[in-house]
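Structural characterization, general
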Amino acid sequence: MQILQAFFGFETMEKLKIAIQKSGRLSEKSVSILREAGISMTNGERKLISVSGSFPIEVLYLRDDDIPQYVKDKVADIGIVGENVFAEKGSDISIVERLGFSRCRMSLAIPKTEHYSGPEYFHGKKIATSYPVILQRFLDEKGVDAEIHEISGSVEIAPGIGLAEGIFDIVSSGSTLISNGLSEVEVVMHSEAVIIGRNDLSQSKREILNDLLFRIRSVQAATNNKYILLNAPNDKLDEIIGLIPGMKSPTVMPLAESGWSSVHSVLSERQFWQIIGELQKLGAQGILVIPIEKMIV
Ligand code: ATP
Ligand code: ZN
């Protein structure tokens, strides 16, 4: 690929077509994940398609609900959608990568004045949703016979206007439910942004996809990790190293002051606060924590 690129640039190469949401909750993050992976796009979100000058990729801006079908129809090769949209419309295609942003859940909710006894509560009742496939799957699993009323938006007002007795919708903080007098009674699935794709990509498109995934993983590993430097008393060095094992093993260098060493390592964001406390207890001093821009894993 490199040799062809050097001679002809990207124009002559086959491009990987990625569909992202045109405007909505996923758009900004989808664009920034591509940017951080070194893929610069020339236009804003106004145009339908933009071509990257720095990577053999073409970006299509679409409504998120349409993306799985466009991928199935080969208009796009891959796409970024919420896992909820994939679960609703993604038959015959697969999740290629989990991206960890736009986390939410898909839940059933009923008026807060009602008593909830379990999934059988919904027996013979009407439920409003924009996600009939996921809901039907759940009802079948629980052996509940309910009527699904499909609507495309403002699902949360359905019980209040007498359209349905319950709803099945996206929940994040739960404040929309509360302001509509509803309470969440079943979490049916958790969702995050994912890259979806067909299983039958050509060899050259698969190579471009692998390169893209490598870049995205490097950016994500970097944001999930921090570089840490500290001064450690030599008699506690082994215990301190045990707490921050790093990618392979930490770098240890003697300080000018005898009895002390400088330790450099990588620490995951999740363990951060707990480990910092333990390091201090072991006598570590001058702890510096530095963001990492890219991390090749
Ligand atoms: P479009 O106009 O493209 O059809 P939309 O209104 O259907 O957009 P958005 O509200 O932008 O969709 O949501 C897109 C995706 O973001 C959802 O499918 C879901 O995965 C995720 N999402 C939705 N609401 C939230 C939320 N409150 N918090 C986090 N993620 C959310
Ligand atoms: Zn949508």
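The paragraphs below set out a description of the structure included in this document. Remember, it's a predicted structure, so these values are computed and weren't measured experimentally.

1. As for the coordination of the zinc ion (ligand 2)
Taken together, Asp64 (OD) and Asp65 (OD) make up the protein donors of the zinc ion (ligand 2), found 1.8 to 2.1 Å from the metal. Here the zinc ion (ligand 2) binds four donor atoms, and the angle range of 75 to 166° at the metal identifies the geometry as irregular. Note on aspartate 65: relative accessible area 23%, which makes it partly exposed.

2. Comments concerning the packing of aromatic side chains
Summed over the entire model, instances satisfying the criterion amount to four aromatic pairs. Ring centres 5.9 Å apart and planes at 55° place the aromatic pair tyrosine 116 and phenylalanine 122 in the tilted group. Ring-pair connections join several aromatic residues into one group, and the members of that group are Tyr116, Tyr121 and Phe122. Residue placement shows lysine 125 over the ring face of tyrosine 121; its charged tip is 4.2 Å from the ring centre.

3. Structural notes on the nonpolar core
Of all hydrophobic cores here, the largest spans 28 residues; its most connected members are Phe122, Ile127, Phe168 and Ile196. Those elements that place two or more of their residues in this core are strand S3 (57–62), helix H3 (67–72), helix H4 (83–89), strand S6 (104–111), helix H5 (132–142) and strand S11 (193–197). Counting residues domain by domain, this core receives three or more from each of domain 1 (2–102 + 193–201) and domain 2 (104–191). Sequence-distant contacts of phenylalanine 122, defined by excluding residues within four places in its chain, comprise Leu108, Ile110, Tyr116, Ile127, Val144, Asp145, Ala146, Gly166 and Val185. Counting residues in hydrophobic clusters, the runner-up holds 26 residues, among them Ile39, Val59, Leu201 and Ile208.

About the criteria used
- Residues numbered from 1 in each chain as written.
- Chains lettered and ligands numbered in written order.
- Predicted model: local features only at pLDDT ≥ 70, side-chain atom pairs only at ≥ 80, totals over all residues.
- Heavy atoms only, no water.
- Donors = N, O, S within 2.8 Å, 3.2 Å for Na, K, Ca; no water.
- Tetrahedral: all angles 85-135°; square planar, octahedral: opposite > 155°, others 65-115°.
- Buried < 20%, exposed > 50% of the residue type's maximum accessible area, 1.4 Å probe, protein only.
- Phe/Tyr/Trp six-rings, centres within 6.5 Å; stacked < 30°, edge-to-face > 60°.
- Lys NZ or Arg CZ within 6 Å of the ring centre and 35° of its normal.
- Core = buried A, V, L, I, M, F, W, Y, C linked by side-chain atoms within 4.5 Å.
- Helix = DSSP H or I, 4+ residues; strand = E, 2+ residues; numbered from the N terminus.
- Domains from an automatic or database assignment.
- Contact = heavy atoms within 4.5 Å.

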